[in-house]
Amino acid sequence: MNFELIYNLLKDDKRNNKKTLDFYVKNILKIYNDFDNKDITKLHIQDFYDYFNLHKYSNHTQKNKLISLYVYFDKLGIDNKLMADIKTSIDSLKDKINEKYETHEKNDKEKKELLTKQDFKDLVDTFKPKSKTIKYYNDYHDEIIYLIGLYHYYYPMRNELANTMIYTKPEYNKIIPSMNVNYLIIDKINKKLIYIMNSYKTQKTYGSVQYDILEKDLYDLVNKIYGFLKSIHSNILLVKIDGTPINRNDLTKLFKVNYGFSTSMIRKIFLTDKYNIKDMEKQALIMGHSINQELKSYVKNK
């Protein structure tokens, strides 16, 4: 089985653009490869469940792979119990994803009272992918779930990552930056990241904010993601499968579905632990408000 053969089969469907087709085809090819090129049309739904469990795929990834299979089998003209089971499984996964989102949204306040910064780091670590490279969009999606958690652990902003472009430092030096966009810059010479925050809630008060990111795990993760984005010719840090940016509302939903609360809730969790004035000043810079605002709005009396 090869890419061109599957692509030509699916390309006549006008509902799918090129990036969507590429996504479907890569999913299908990976499944064929993982099943040693067996005739996957002859498998049972339990075979796919076992496959998902083996790879520990999230509900989102399972849903995307099943949708790819459904589209492919439909173009092959297959109409059997497996197709019906796939359709039922897709609907069930959608319900689970929506239920998880609604449950997390209801429990936001309760979770804020229970979580500490270390609790959140432990949660983030459970999302760390094991693969060293990113080959497919599904892999990238898993990486950005880990990224948004890890980044907000170190730098609990609002949803500014949803409006962020990524460049190496030489690339950034060649563009004309926009004040409506945030930038994540990879400085490979000094082994660090630079974040330039131009578009955020209190920008009119505090102007453009720039800070260095020195954490090695975050630096390595961003480089890994950058490599994949270059392969699909995108400089958008958080991108959907169709190539459009993940917006702030999308990011809120991603965070709530996977971590159980919003980015603003993380800010409040972390600031209840606050330590010393120097740390608070740095945190205020990243969050885009004054230290007095931190004391007034976030920090609990202990």
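Residues numbered from 1 in each chain as written. Predicted model: local features only at pLDDT ≥ 70, side-chain atom pairs only at ≥ 80, totals over all residues. Heavy atoms only, no water.

Asks: Please explain helix α4 (residues 59-75) as it appears in this structure.
Replies: Three- or four-residue spacings in an α-helix give side chains the same orientation, since the helix completes a turn every 3.6 residues. In this model, α4 (17 residues) spans 24 Å end to end at C-alpha, consistent with the 24 Å of a helix rising 1.5 Å per residue. Among the 17 residues of α4, twelve are classified as buried, and the element is accordingly described as predominantly covered. All buried positions along α4 are accounted for by His60, Thr61, Gln62, Lys63, Asn64, Lys65, Leu66, Ser68, Leu69, Val71, Tyr72 and Phe73. A positive phi of about 80° marks Gly77, the residue just after α4. (Helix = DSSP H or I, 4+ residues; strand = E, 2+ residues; numbered from the N terminus. Expected span 1.5 Å × (residues − 1). Buried < 20%, exposed > 50% of the residue type's maximum accessible area, 1.4 Å probe, protein only.)

Asks: Before we go on, may I ask you to explain the pairing of strand β3 (residues 192-197) in this structure?
Replies: Side chains on a regular strand alternate between the two faces of the sheet. The buried fraction of β3 amounts to six of the six residues, a majority that puts the element mostly inside the structure. Side chains Lys192, Ile194 and Ile196 project from β3 onto one buried face, and the interleaved Leu193, Tyr195 and Met197 project onto a second face that is buried too. Two elements, strand β2 (residues 182-187) and β3, share five bridges in a ladder whose sense is antiparallel. For Ile185, the partnering residue across the bridge sits in β3 and is Ile194. Here β2 folds back onto β3 in antiparallel fashion, the turn holding four residues, of which Lys191 has a positive phi close to 55°. By the bridge criterion, five bridges tie β3 to strand β4 (residues 209-213) in an arrangement that is antiparallel. Across the sheet, the residue bridging to Leu193 is Ile213, located in β4. (Pairing = 2+ DSSP bridges.)

Asks: How should the sheet that holds β3 be read in this particular structure?
Replies: Adjacent strands of a sheet pair through backbone hydrogen bonds, lying either parallel or antiparallel. Overall, mixed pairing links the four strands, which are arranged β1-β2-β3-β4 in an open sheet. Here the strands that pair on one side only, and so sit at the sheet edges, are β1 (164-168) and β4. Neighbouring strand axes in the sheet, compared pairwise and without regard to direction, differ in orientation by 20° on average. Where helix α11 (residues 216-231) meets the sheet, it contacts β1, β2, β3 and β4, and its direction lies at approximately 105° from that of β2. (Axes fitted to C-alpha atoms, helices over the stretch in contact; angles between N-to-C directions. Contact = heavy atoms within 4.5 Å.)

Asks: Looking at this model, I keep getting lost on the layout of surface pockets. Mind explaining?
Replies: One simple way to see leftover space: roll a probe sized like a water molecule over the atoms. Computed from the structure, the largest pocket encloses a volume of approximately 870 Å³. Around the largest pocket sit 29 residues that line it, and His55, Lys56, Tyr57, Pro129 and Asp142 are the ones nearest its centre. Elements that contribute at least two residues to the lining of the largest pocket include exactly α2 (18-34), α4, α5 (81-106), α8 (137-154) and α12 (248-259). Element by element, the count of residues in the lining of the largest pocket is highest for α8, at five residues. (1 Å grid on protein atoms, 1.4 Å probe; cavity = no way out; pocket = protein on both sides within 12 Å on 5 of 7 lines; lining within 4 Å. Points joined across faces, edges and corners; volume = space filled by probe spheres on them.)

Asks: Sorry, what's going on with the environment of Lys191 here?
Replies: One can find Lys191 in the loop between β2 and β3. For Lys191, a relative accessible area of 56% corresponds to the exposed category. Spatially, the C-alpha atoms of Lys191 and Leu214 are 7.7 Å apart, while their sequence positions differ by 23 residues.

Asks: Which parts of the structure should I look at to understand helix α3 (residues 45-55)?
Replies: Regarding α3, the residues found buried are Ile45, Phe48, Tyr51 and Phe52. Down the axis, α3 shows its buried residues gathered within 115° of arc, on one side only. In α3, the exposed residues that point more than 90 degrees away from the buried face are Asn53 and Leu54. Immediately downstream of α3, the backbone of Lys56 shows phi near 55°, a positive value. (Arc of directions from axis to C-beta.)

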